[in-house]
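Observations on the three-dimensional arrangement
One letter stands for each residue in the lines below.
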Amino acid sequence: MTELVTLTQDGEIGIITVNNPPVNALSPGVPEGISEAITRVIDDDSIKAVLLIGGGRTFIAGADIKEFGKITSGQRKEGIDFKSLLRTIEDCPKPVAAAIHGTAFGGGLEVAMAFHYRVAAPTAQVGQPEVKLGLIPGAGGTQRLPRLAGVARAVEMCAAGNPVGAQEAYQFGIIDRIIEGDLLAGAIAFLREKLASAEKPPKTRERSEKLGDPASNNAVFAAAREQSKKTARGMIAPLAAIDAVEGSTKLAFDEGLTRERELFQECLFSDQSKALIHVFFGEREVSKIPDLPKDLPLFEINKAAVVGAGTMGGGIAMNYANAGIPVIVKETTQEALDKGMATIVKNYDNSVKKGRFTREEMDRRMGLISPTLDYAGFENADIVTEAVFEGMELKKQVFAELDKICKVGAILASNTSTLNIDEIARAPSRPQFVIGHHYFSPANVMRLLEIVRGKETSKEVIATSLALARRLKKVGVLAGNCYGFIGNRMLHQYGREAQFLVEEGAAPQAVDDALYRFGMAMGPLAVGDLAGLDVGWRIRKEHKHLETPGTRRPLIADRLCELGRYGQKTGAGWYRYGDDRKPQPDPEVEELIKTIAAEAGLKRRTITEEEIIERTQYSLINEGAKILAEGIALRAVDIDIIYINGYGYPAWRGGPMWYADTVGLKKVYDRIMEFHREQGELWAPAPLLEQLAEAGKRFADFDQGK
Ligand code: 3H9
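Residues numbered from 1 in each chain as written. Predicted model: local features only at pLDDT ≥ 70, side-chain atom pairs only at ≥ 80, totals over all residues. Heavy atoms only, no water.

A closer look at the site of the ligand
Selection rule: Residues are counted as near a molecule or strand when any one of their heavy atoms sits within 4 Å of it. Polar contact criterion, stated in full: a pair of N or O atoms within 3.5 Å, where within protein one must be able to donate a hydrogen and the other to accept it, and residues adjacent in sequence count only if both atoms are side-chain atoms. For every accessible area listed, the method is Shrake-Rupley and the probe measures 1.4 Å; residues are considered covered only by the protein chains on display. In this text, helices come from DSSP runs of H or I with a minimum length of four residues, and strands from runs of E with a minimum of two, each type numbered from the N-terminal end. Under the scheme applied here, ten amino acids are nonpolar (Ala, Val, Leu, Ile, Met, Phe, Trp, Tyr, Cys and Pro), four are charged (Asp, Glu, Lys and Arg), and all others, including Gly, are polar.
Near the ligand you find 27 residues, and of these Arg 57, Glu 110, Glu 130, Arg 284 and Lys 288 are the closest. In the model, an oxygen atom of the ligand is placed 2.8 Å from a nitrogen or oxygen of the Gly 107 main chain. Here an oxygen atom of the ligand and a side-chain polar atom of Arg 284 are 2.8 Å apart. With the chains in place, 74% of the 1,000 Å² that the ligand exposes on its own is no longer accessible. Within the residue set of the shell around the ligand, elements represented by two or more residues are helix H2 (65–72), strand S5 (103–105), helix H4 (107–114) and helix H12 (271–285). Counted by class, the shell around the ligand contains 15 nonpolar, five polar and seven charged residues.

Quick notes on the layout of surface pockets
This is how the line gets drawn: Grid spacing is 1 Å over the protein atoms alone, the probe is 1.4 Å, and a cavity is where that probe fits but cannot get out, while a pocket is an open set with protein on both sides within 12 Å along at least five of seven lines and lining residues have an atom within 4 Å of a point. Grid points are joined across faces, edges and corners, and a volume is the space filled by probe spheres set on the points.
Put simply, the second largest pocket is a space of about 1,100 Å³. Looking at the second largest pocket, it is lined by 37 residues, and the ones nearest its centre are Lys 274, His 278, Trp 658, Arg 698 and Gln 704. Those elements that provide at least two residues to the lining of the second largest pocket are H2, H12, helix H26 (636–646), helix H27 (656–663) and helix H30 (699–703). For the lining of the second largest pocket, the leading source of residues is H12, giving 10 residues.

Some details on the side chain of Asp 422
To be explicit about the condition: Burial classes: relative accessible area under 20% of the type maximum marks a residue as buried, over 50% as exposed, and values in between as partly exposed (1.4 Å probe, protein chains only). Counted as positive: Lys and Arg. Counted as negative: Asp and Glu. His and the chain ends are not counted at all. The working definition used for a salt bridge is a side-chain nitrogen of Lys or Arg within 4 Å of a carboxyl oxygen of Asp or Glu. Residues are treated as being in contact if the distance between any of their heavy atoms lies within 4.5 Å.
Mapped onto the secondary structure, Asp 422 falls in helix H17 (residues 421–425). Within the buried set, Asp 422 has no salt-bridge partner at all; the shortest N-O distance to an opposite charge, 4.1 Å, is to Lys 455. The residues touching Asp 422, leaving out its near neighbours within four places in the chain, are Gly 454, Lys 455, Glu 456 and Asn 481.

Considerations on the pattern of salt bridges
A full pass over the atoms with the stated rule returns 54 salt bridges. Two residues, Arg 559 and Glu 599, come together in a salt bridge whose shortest N-O distance is 3.2 Å. You can see Arg 559 sitting in helix H23 (residues 556–562) and its partner Glu 599 sitting in helix H24 (residues 587–599), a full 40 residues away along the chain. We classify Arg 559 as partly exposed; its relative accessible area is 27%. The class for Glu 599 is exposed, based on a relative accessible area of 52%. Bridged by salt links that share partners, the residues Arg 496, Glu 497, Glu 503, Glu 504, Arg 552, Arg 605, Glu 611 and Arg 615 form one connected network.

Considerations on the packing of aromatic side chains
Counted only if it meets this: Only Phe, Tyr and Trp rings are paired, with Trp represented by its six-membered ring, and only when their centres lie within 6.5 Å; those with planes under 30 degrees apart are stacked, over 60 edge-to-face, the remainder tilted.
Going through the model one piece at a time under the given rule, you end up with 13 aromatic pairs. On the basis of an interplanar angle of 85° and a centroid distance of 5.1 Å, the ring pair of Phe 280 and Phe 281 is categorised as edge-to-face. Judged by its relative accessible area of 26%, Phe 280 falls in the partly exposed class. On the numbers, 6.2 Å between centres and 55° between planes, the contact of Trp 537 with Tyr 566 is tilted. Taken together, the positions of Trp 537 in helix H22 (residues 533–542) and Tyr 566 in the loop between H23 and strand S18 (576–577) put the pair 29 residues apart, joining distant regions of the chain. Overall, Trp 537 belongs to the buried group, its relative accessible area being 18%. A connected cluster of aromatic rings, assembled from ring pairs, spans Phe 440, Phe 518, Tyr 643, Tyr 647, Tyr 649 and Tyr 659.

Here we look at the sheet that holds strand S15 (residues 434–439)
Spelled out, the test is: Pairs of strands are assigned from DSSP output, requiring at least two bridges between the strands. Angles shown run from 0 to 180 degrees and are taken between the N-to-C directions of axes, each axis being a line fitted to C-alpha atoms and, for helices, limited to the stretch in contact.
Taking strand neighbours across the sheet as the criterion, the eight strands line up as S12-S11-S10-S13-S14-S15-S16-S17 in an open arrangement whose pairing is mixed. Here the strands that pair on one side only, and so sit at the sheet edges, are strand S12 (369–372) and strand S17 (475–479). Mean inter-strand twist for the sheet, computed between neighbouring axes without regard to direction, equals 25°. Note that strand S11 (residues 327–330) and S12 share four bridges and pair parallel. Looking at the pairing, Val 327 lines up with Ile 369 of S12.

Remarks on a nonpolar patch on the surface
The criterion, for reference: Only residues above 30% relative accessible area that lack a salt bridge enter a patch, with like-charged residues linked at up to 9 Å and the nonpolar side chains Val, Leu, Ile, Met, Phe, Trp and Tyr linked at up to 5 Å.
Taken together, the side chains of Met 522, Val 527 and Leu 530 define a hydrophobic patch exposed on the protein surface, amounting to about 230 Å² of accessible area. Residue position: Leu 530 is located in helix H21 (residues 524–531).

A closer look at the environment of Glu 180
Relative to the assigned elements, Glu 180 resides in the loop between strand S9 (177–178) and helix H8 (183–197). The sequence separation of Glu 180 and Trp 658 amounts to 478 residues, and the corresponding C-alpha distance is 46 Å.

A few points about the pairing of strand S4 (residues 96–100)
Sheet faces and side chains relate simply in a regular strand, where the side chains alternate between the two faces. For S4, the tally of buried residues reaches five of five residues, placing the bulk of the element in the interior. As paired elements, strand S3 (residues 49–54) and S4 share four bridges and run parallel to each other. Across the sheet, residue Leu 51 finds its bridge partner in S4, namely Ala 97.

With respect to H24
To keep it simple, the criterion reads: Helices are assigned an expected span. That span is 1.5 Å times one less than the residue count. The directions from the helix axis to the C-beta atoms are what the arc is built from.
Taking 1.5 Å of rise per residue, 13 residues should cover 18 Å, and H24 covers 18 Å from first to last C-alpha, within 8% of that figure. Here H24 has its buried residues at Val 589, Leu 592, Ile 593, Ile 596 and Ala 597. With its buried residues spanning 130° around the axis, H24 presents them on a single face. Summarising the geometry of H24, the exposed residues directed more than 90 degrees from the buried face are Pro 587, Ala 598 and Glu 599. Considering only its buried residues, H24 is in contact with helix H19 (487–504), helix H20 (508–518) and H23. Measuring from the backbone nitrogen of Glu 588 back to the side-chain oxygen at the start of H24 gives 3.0 Å, which picks out Asp 586 as the cap. Looking one or two residues past H24, Gly 601 carries a phi angle of roughly 70°, positive in sign.

In structure tokens form, the structure reads like this:
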């Protein structure tokens, strides 16, 4: 036996324990260890039944994701032969059970389903989350799960990838018993019962009573395919998962496994899976900051306050309440405060109506939010987030006021999306406590928290902010201080190109549609209308001094604002909006564009979808490379995680920097050089991009210090 898998005995019950921290993944050695243990059990007359349990905090959380990259890059020849291993388990002549706590995910659940029985702790979760990695279950999950849980549940679990709790899993038939109290003792008692009952141990693969009939199954598959096309637009794995489950209803078990294997291999070698695996590790990587020691003491966050109850302030307050942290929300007028609180109530109410939580839970969360018109209670806050209008003078005034009221050690965070955090930090007498906490609208929904480090921000404040992000169920990514930080600085270039394309001849809808088809959640012009064109207008006015005279700048958005077309909120922006809030092309805007282009002496032409994608994506990538070289972003993957979680970038493309690697940096660089020649200085190539492209390297190599 290996150290990874041990076999011990409690009387006549054999206990196989997997010890592969932190999540007992099926890394090399683990499946082999389980196989060896089962063989021994079969040969050992003193063992009458056996159970498999995870050591530490969880059952097996799936295949070792790191191994997939080794297979696709040719470093390792083949994956593990799960088919034979699981058949050996299923054919074991003695009763075998899996005892589940923590998470039985992916290959973990697939192993468990080959056991005759499954028992679980009440807090356990089971699931087939492979689609989130651009994969499908590859060890029989699409064949055994429908046999245990029925076709509809199996399709849902394999195509959407969401886990289910022990109670639900029990109701679905995945779990045979929930064990309160000590799991090991309960599982042993369960197996003794089975030994005493002389019941023939059931083999999942031989069951068919839940496989349904063709008519109802066809309806299930058709509905699932429709649903997937909407909720996982552009992704291949969910559709492949549905095909594989369909195989379980139409093919013999072994043939179904073969079909699953083919589909799994296709997904494994796809760009989408490589991108999603990059995102999986990236989301964990971003919290690792080279100059922050692991054992840094953190500030305790038990009470929070927010200045401003507008769209952002209200959303931020909800994040705290959702995490169980009491929060005060301050506004300057009763009217604004009432409006802000009413929006919070409306948002929570919608969640209750959608069944996300109960009305009691809503009341509990509302009870944690205290509205106020003055700074009463701020003296006790461990953290204050400023979310007032985006103007330097106003922000400085707020920070000067906070300095007088807040206790020593309170973190003073600004939700600024563009402004210089070091200048804000000069307003109070404690710049080491000032940090940027840039949330994304709607702040209670979007997962990204861009954490902006000022020159003097203390390491403890940064580490506390990263830990707080996790508590608020956000992905915290650290950024350096510059105009727009990482996300908006890049967005500025992207938005600029989107507008230039319109000025040069593309219809607004053509730009938005091309990017939507690329996979973006929304096109950039429609996003502008949603967020309010006046927001950018105000920021541009504030930063007028930063413009380089003589360089081309976008003209249309300002003119739309001058006409009072602020976007959805005024019923008109780039598009016109009816009651359904769907963007309709507006002839008035088309005329305006032509007039502006003529005034600027621009010759309009036909623009291809390819050019739309290249100019918008490559402008993001070029700026990203500059940001990376300046150290504003620590790694290319940090930029990717920001774009996926804050800007609706398709995760299956891996983020803009990973996308650049997929296209090939030489190709990206050469095209940027063409744009540079055609369009001038705004397209000056980033030296880092040039360097990597010439060396035949990728941003991923830069991240790995290669
Ligand atoms: C699969 O099973 C395919 C099959 O069909 C079979 C095909 C043949 N592998 O998330 P955490 C690392 S596909 C390798 O922070 P938590 C993770 O990177 C797989 N490493 O903890 C991190 O490392 P570090 C299907 C893994 O408590 C550390 O463990 N399974 C794996 O917040 C701690 O992770 C999944 O997709 C892995 N499978 O959450 C499950 N999992 O400390 C993926 C984790 O260096 N995993 N690591 O940054 C998860 O969803 C969460 O990790 C879990 C724990 C919920 C389990």
